[in-house]
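Given next are the chains, with one letter for each unit.
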Amino acid sequence: REGPGDTGSAMDAPSAAGLGGADPQLQRFIEVETQKQRFQQLVHQMTELCWEKCMDKPGPKLDSRAETCFVNCVERFIDTSQFILNRLEQTQKSKSAFSESLSD
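Residues numbered from 1 in each chain as written. Predicted model: local features only at pLDDT ≥ 70, side-chain atom pairs only at ≥ 80, totals over all residues. Heavy atoms only, no water.

As annotated in an unreviewed UniProt entry, the protein chain carries the name Mitochondrial import inner membrane translocase subunit and comes from Ptilonorhynchus violaceus. Here the protein chain is described in UniProt, under the heading Sequence similarities (unreviewed entry), as follows: "Belongs to the small Tim family." Looking at the Subcellular location (unreviewed entry) heading of the UniProt record, one finds this comment for the protein chain: "Mitochondrion inner membrane". (UniProt positions renumbered as here; feature names shortened; annotations may be inferred.)

Q: Can you lay out the environment of Thr-47 for me, pointing to particular residues and giving the numbers?
A: Within the secondary structure layout, Thr-47 lies in helix H1 (residues 24-54). Among the residues examined, Thr-47 registers a relative accessible area of 45% and is labelled partly exposed. (Helix = DSSP H or I, 4+ residues; strand = E, 2+ residues; numbered from the N terminus. Buried < 20%, exposed > 50% of the residue type's maximum accessible area, 1.4 Å probe, protein only.)

Q: How would you sum up the state of the cysteines? Please name residues and give values.
A: Defined simply, a disulfide is a covalent bond joining two cysteines at their sulfur atoms. The final tally for this structure, using the stated rule, is 2 disulfides. Between the sulfur atoms of Cys-50 and its disulfide partner Cys-73 the distance amounts to 2.0 Å. Looking down the S-S bond of the Cys-50 and Cys-73 bridge, the torsion is -90°, so its handedness is left-handed. Residue Cys-50 is located in helix H1, and its partner Cys-73 is located in helix H2 (residues 64-103); the two are separated by 23 residues in the primary sequence. Judged by relative accessible area, which is 2%, Cys-50 ranks as buried. For Cys-54, the disulfide goes to Cys-69, at an S-S distance of 2.0 Å. Because the torsion about its S-S bond is -75°, the bridge between Cys-54 and Cys-69 counts as left-handed. Pair noted here: Cys-54 is in helix H1 and Cys-69 is in helix H2, with a separation of 15 residues, a long-range link. The class of Cys-54 is buried, set by a relative accessible area of 0%. Each disulfide of the protein chain joins two cysteines, and with those cysteines numbered along the sequence the arrangement is 1-4, 2-3. (Disulfide = S-S within 2.5 Å.)

Now the structure itself:
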């Protein structure tokens, strides 16, 4: 879901690789800003998901059930994100190894 403050996905951001011979300092700046944008998107997704899952009735303070739910939700979100990143990295490495073995 996109709200009024969303600026699009990280895929919309220019990539440093697409700049070719551009200034390396500019490339690094774009890489850092793209990483920041991805992080903000993850936080937004996590907040939305956990809020929907854990908040039955908003009140002046969190009850212990909601607090426990939020903690578990955030921890599982982080675990899942880390698992996906590790899996993508393994897939990328195996593709590179496969490509190198074909070129030999």
